[in-house]
Every structure is written in C-alpha cells, then in structure tokens.
Amino acid sequence: MATQSATKKPAAPTTSALMLPALHESTTSSGLSVLAAERGPLPLVAMRLVVRAGSAVDPKDKHGLADFTARLMRRGTQKRSADELDEAIEFVGASFSVGSNEDLLSFFVTTPAEHFPAMIGLLGEIVREPSFPEREVELARERTLAGFANDLDDPSTIADRAFTRALWGQHPYGHDIGGSSAHVRTFTREDLVRFHGERLGPRVALLSVVGAVDPKLVLDEAEKAFAGWTGGPDAAPRIPELGKMASGRILLVDKPDQTQTQVRIGGPGFRMGHPDYFPSTAMNNVLGGGFTSRLVNEVRVERGLTYGISSYFDMLNVGGVFAISTFTQTERTREMLDVTLAEVAKVREGGISAAELKKAQRYLAGLYPMRTETNESVASVIGDIRVHALGDDWVEKFRERLHAVKPRQTQEVAAKYLFPNPPLIVLLGKASAVKKHLKGLGPVKVVPASDYE
C-alpha cells in the first residue's frame, strides 16, 4: 500500500512573501516518491517525473545513451505505437516532453484537469514499459548523427562542446549530454533496453504534480499508474567529486572558415545548493550576469568588441563551473581576452560596491517570482528542491537570503571563484590567424573542429 503524509504550511502572510502551496507526500507501493500540490484557479495540471539517470551515468563507451533512451521512450510502449501515443495526448489537449541534463532525466506532462487520471496513466505506461521499436531506434540514430554533422556549422555549439570536454576531462560530467557521433553510431536497441532496466526505477525517481486536482486523487492515481514498476538502482548514483579542473592552458579549435573567434573562459565553481550561492549570484549579476553588467559595459558598449558577453555559474549535483562566454573578430581576439580578464581581476581584487550589490539584489529579487508563476514552473521547482536537497523553504526564503548578502561576502566569493588561478581558455576560429595573438597566455593546443562531431 502507498504511504501518505502531508506537509502543512501556514497561510501566506499579507506581505509579498512567496509561498509554495501545501505539499502532500506519499510513496507508492513500488517505491516512487510523490509530491502533490493543489493550485488553482485554472483547470490545468502539470506533472514532472525526474529520474537520477542523467548523462553522468552514461556507460564509458556509450556517451549520450541516457538522453537517447529517454527520447526513445516516447516512441512506443508495450501497448501503443508512437502514433497512438501522439493521438492519445493530442485528443485531450495535453502535452508531453522529455528533458535531460548531467544529473537528471525529466518527463513533463501538462493536461486539462479532467483528463489527469488518463494522462498520469499514460506517463506511467511510457516510463514503465517502453518498447523501443527497432525502426524508431534506427530513425533516431540517423537523425542524431545528422544533427552532429550539422553542428559543425555552428561554431558556438562546437565551442561549448570543446569547453565542457576540456574543463571536466574524464569526469562523468566531461562529455556532451547528447554524446558524440562515434558513440551514438554504436547504439543498439539492446543498449536502450539495458539502460532503461538498470538505471530507471522508482527508488531513484520523484513525481511532482501541481494544479487543480485533489491531492488524494493524485496519490491514488499515482499508485495505479506506477504499481509494479521495478528495475533501477536502490539509491541515487554516486558521482565522484572532481579532483582538479583543467586550468592555465589554451585549447584552440581550428575552424579555418571562421572570421570570428568563439571565446570560453572557465574555472572551478560550486555544486547546486552550496552556501556560496546567494553572494555569488549577486556578485555575478554585477560582473557579467546582466545586460547592464561590468563586462557588457566594458567589452560591448565601451570597446565594441562583441554583441554579447556573459558570465555564469553552472551548478551540478557534485560540482560546478564559473565561466565566461563571448565571441569577437579574429584580429581582436587578444584584446578581448585582455580586457575581459582585466575586468574579472578588478572584481576579484576589489569586489563590487554596496550600491552595485543593492541594485543586483533588487533586480534578482524582482525576477524570482516568475519561477513560481505557472503550475509547470512550480512542479519543476518542487522537484529541484527535493532532488538537490535545497530545503523546503527555498522559495519562501529566497528573497530574504538574497537581501541578507553583505558586500564582504561578495568579495569573499569573488576572490574564491573569479580565476584566482589561471583559467582554462577555449577558442574556436581560424587557428593560423588566432594563434599569433596568444603569446604569453600559456601553452596552446590546436585541434580540428571535427574532433567534436
């Protein structure tokens, strides 16, 4: 039998405090954790099922298999073909999509409330008993390989792929979520069946349901939809901590037809939910996380070196990255690097002003409520809070914690993360023209763009 409990929250105060709806929790007889939150007034329901089976658990010789498997689950079950699944979803005005990242596979469903029982049943069918038709596997493999070939015409995509691989190295986070052509070419139906059986299961999954539906009905229907779901590990996969991230060198990806240079600069960051999150988010908004940031002003507005530049923290379950992404004309590559690194150094050594911090806090606090505007966004936030152990008061206390950040804290995180050691620099462009601009920056390794197909 399913076990049930409810986490009751006090009524929202008359202030503008953000509050999630009351969460009703249960565990199905198969071991799936379920969170239900009743939320109106629209007669719609959003569901998100997350499974701890992202690209970090791809087999070493099958990079991209997690993402590929998740996409193919939609293409047929033991009971219905892909066309029949499409018809069932479209007939009731619902939608179904799949997402993946390094840590998680996510299955999203939105449906009119009156069709909730049918659609959660369909979600359970797709997740528990995909059939992976041979023809669908072949077509998906062909489409994916064609996509990799097309990616070679997109310098930004190739630069991102090279950056990820160089920064993380052999770590499970060190390959593209979609894999590579060399690996995808080897995928077979048996690989998908094995991955689904070994990696997807109720004990490493969480279902969040938000909308105009009685929580008791959610728990009852979840029990029906996922009864008998077996397989998968007993606990979340253990992703190793990163020993040492690549630094102090330059990777130059040669694409001779380019007249511009893609630029990626990076170093160690922190994991999801780290205590440094709030001061780092505020500090980064000033440095390069907003349109009025220092980097945008100095690099784009004052010098006209690019149309766009941004800095960001990419946070994953066991680690993260601080990085800068931009592009410039080939002949201005060195100027771009020098100006960018100098601006980063100013913040690393001098921090940001109290006025800049206050402005960033107001902006970020004003933006955050959009994270909880729709049933879909609330279902996603609830899932993230639990999966990444952020604490059930994450939304409620977000703006309070953001406003509590002091200038001293932003200086501390700037000193810690803004390249205290020479960063990794990845450049994509015409190597023969770019390389002569790189003297004195560190050892340069040149590789062809085709390495990243």
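Residues numbered from 1 in each chain as written. Predicted model: local features only at pLDDT ≥ 70, side-chain atom pairs only at ≥ 80, totals over all residues. Heavy atoms only, no water.

K.L.:
Which residues make up the overall build of the protein, and what are the values?
P.N.:
When its secondary structure is counted, the protein shows 16 helices and 13 strands. Against the 2.2 N^0.38 benchmark of 22 Å for 453 residues, the protein shows a C-alpha radius of gyration of 24 Å, consistent with a compact globule. By its C-alpha atoms, the protein is 65 × 55 × 35 Å across when sized along the principal axes. Across the 453 residues that make up the protein, the buried fraction comes to 52%. Contacts in the protein between residues far apart in sequence, at least 24 positions, make up 80% of those at least 6 positions apart. For the protein, the exposed area adds up to about 19,800 Å²; of that, 51% sits on carbon and sulfur atoms. Between the mean site of the 54 positive side-chain charges and the mean site of the 55 negative ones, the protein shows a separation of 6 Å. (Helix = DSSP H or I, 4+ residues; strand = E, 2+ residues; numbered from the N terminus. Rg over C-alpha atoms; globule rule 2.2 N^0.38 Å. Buried < 20%, exposed > 50% of the residue type's maximum accessible area, 1.4 Å probe, protein only. Contact = heavy atoms within 4.5 Å. Areas by Shrake-Rupley, 256 points an atom, 1.4 Å probe, with all protein chains shown as cover. Lys, Arg positive; Asp, Glu negative; His and termini not counted. Charge placed at Lys NZ, Arg CZ, Asp CG, Glu CD.)

K.L.:
I'd love a proper account of the pattern of salt bridges, names of residues and values included.
P.N.:
Any two side chains of opposite charge can pair, so long as their charged atoms come close to each other. Going through the model one piece at a time under the given rule, you end up with 29 salt bridges. For Arg 264, the salt bridge is made with Asp 160, and the minimal N-O distance between the two is 2.7 Å. Remark: Asp 160 occurs in helix α5 (residues 155-168) and Arg 264 occurs in strand β9 (residues 260-268); sequence separation between them is 104 residues. Judged by relative accessible area, which is 0%, Arg 264 ranks as buried. Classification of Asp 160 as partly exposed rests on a relative accessible area of 34%. When the shortest N-O distance is used, the salt bridge between Asp 393 and Lys 397 registers 3.8 Å. Residue Asp 393 is classed as partly exposed on the basis of its relative accessible area of 25%. (Salt bridge = Lys/Arg side-chain N within 4 Å of Asp/Glu carboxyl O.)

K.L.:
Account for the environment of Val 444, with residues named and values stated.
P.N.:
Tracing the chain through its elements places Val 444 in strand β13 (residues 444-448). Accessibility expressed as a relative area gives 28% for Val 444, which makes it partly exposed. Counting along the chain gives 18 residues from Val 444 to Val 426, while the straight-line C-alpha distance between them is 9.7 Å. The residues contacting Val 444, other than those within four sequence positions of it, are Ile 250, Leu 252, Lys 435 and Leu 438.

K.L.:
Any details on the packing of helix α10 (residues 294-302) against helix α11 (residues 333-350)? Residues and values, ideally.
P.N.:
When two helices pack together, their arrangement is given by the angle between their axes and by how far apart the axes lie. Two numbers describe how α10 lies on α11: the axes approach to 10 Å, and their chain directions differ by 155°. Classified by the angle between their axes, α10 and α11 sit roughly antiparallel to one another. Both α10 and α11 take part in a crossing whose hand is right-handed. From α10, Arg 294, Leu 295, Glu 298 and Val 299 reach across to α11, where they touch Met 336, Val 339, Thr 340, Glu 343, Lys 346 and Val 347. In terms of residue class, the contact of α10 with α11 is built from five nonpolar, one polar and four charged. (Axes fitted to C-alpha atoms, helices over the stretch in contact; angles between N-to-C directions. Parallel < 35°, antiparallel > 145°, perpendicular 65-115°, else oblique. Left-handed = near helix turned anticlockwise from the far one by under 90°. Nonpolar A, V, L, I, M, F, W, Y, C, P; charged D, E, K, R; others polar.)

K.L.:
Residues and numbers for helix α3 (residues 116-128), please.
P.N.:
The end-to-end C-alpha separation of α3 is 18 Å, in line with the 18 Å expected for 13 residues at 1.5 Å each. Within α3, the full set of buried residues consists of Phe 116, Met 119, Ile 120, Leu 122, Leu 123, Gly 124, Glu 125, Ile 126 and Val 127. (Expected span 1.5 Å × (residues − 1).)

K.L.:
How would you sum up the sheet that holds β9? Please name residues and give values.
P.N.:
On the basis of which strands lie adjacent, the open sheet formed by six strands has the order β10-β11-β9-β12-β8-β13 and mixed pairing. Unpaired on one side and paired on the other, β10 (309-315) and β13 mark the two borders of the sheet. Strand-to-strand twist of the sheet, defined as the mean angle between neighbouring strand axes without regard to direction, takes the value 20°. Where β10 lies against strand β11 (residues 320-329), seven bridges are found, and the strand directions are antiparallel. Bridge assignment links Asp 314 to a residue of β11, and that residue is Val 321. Against the sheet, α5 touches β8 (250-254), β9, β10, β11 and β12 (424-429), its axis set at about 25° to β9. Relative to β11, α11 is tilted by about 145°, and along the sheet it contacts β9, β10, β11 and β12. (Pairing = 2+ DSSP bridges.)

K.L.:
Could you give an account of the nonpolar core, naming the residues involved and the relevant values?
P.N.:
Counting 77 residues, the largest nonpolar core has Met 47, Leu 49, Phe 107, Leu 123, Leu 207, Phe 226 and Val 253 as the members making the most contacts within it. Once residues lying within four places of it in the same chain are set aside, the contact partners of Phe 226 are Ser 30, Leu 32, Leu 49, Ile 120, Leu 123, Gly 124, Val 127, Arg 128 and Leu 207. By size, the runner-up hydrophobic cluster in this structure holds 62 residues, among which are Leu 104, Val 381, Ile 385 and Ala 414. (Core = buried A, V, L, I, M, F, W, Y, C linked by side-chain atoms within 4.5 Å.)

K.L.:
Provide a residue-level description of a nonpolar patch on the surface, including the pertinent values.
P.N.:
On the surface, Tyr 363, Leu 367 and Met 370 cluster together into a nonpolar patch covering about 290 Å² of accessible area. Relative to the helices and strands, Met 370 is located in the loop between α12 (354-367) and α13 (375-387). Accessibility expressed as a relative area gives 47% for Met 370, which makes it partly exposed. (Patch = residues over 30% accessible without salt bridge, like charges linked within 9 Å, V, L, I, M, F, W, Y side chains within 5 Å.)

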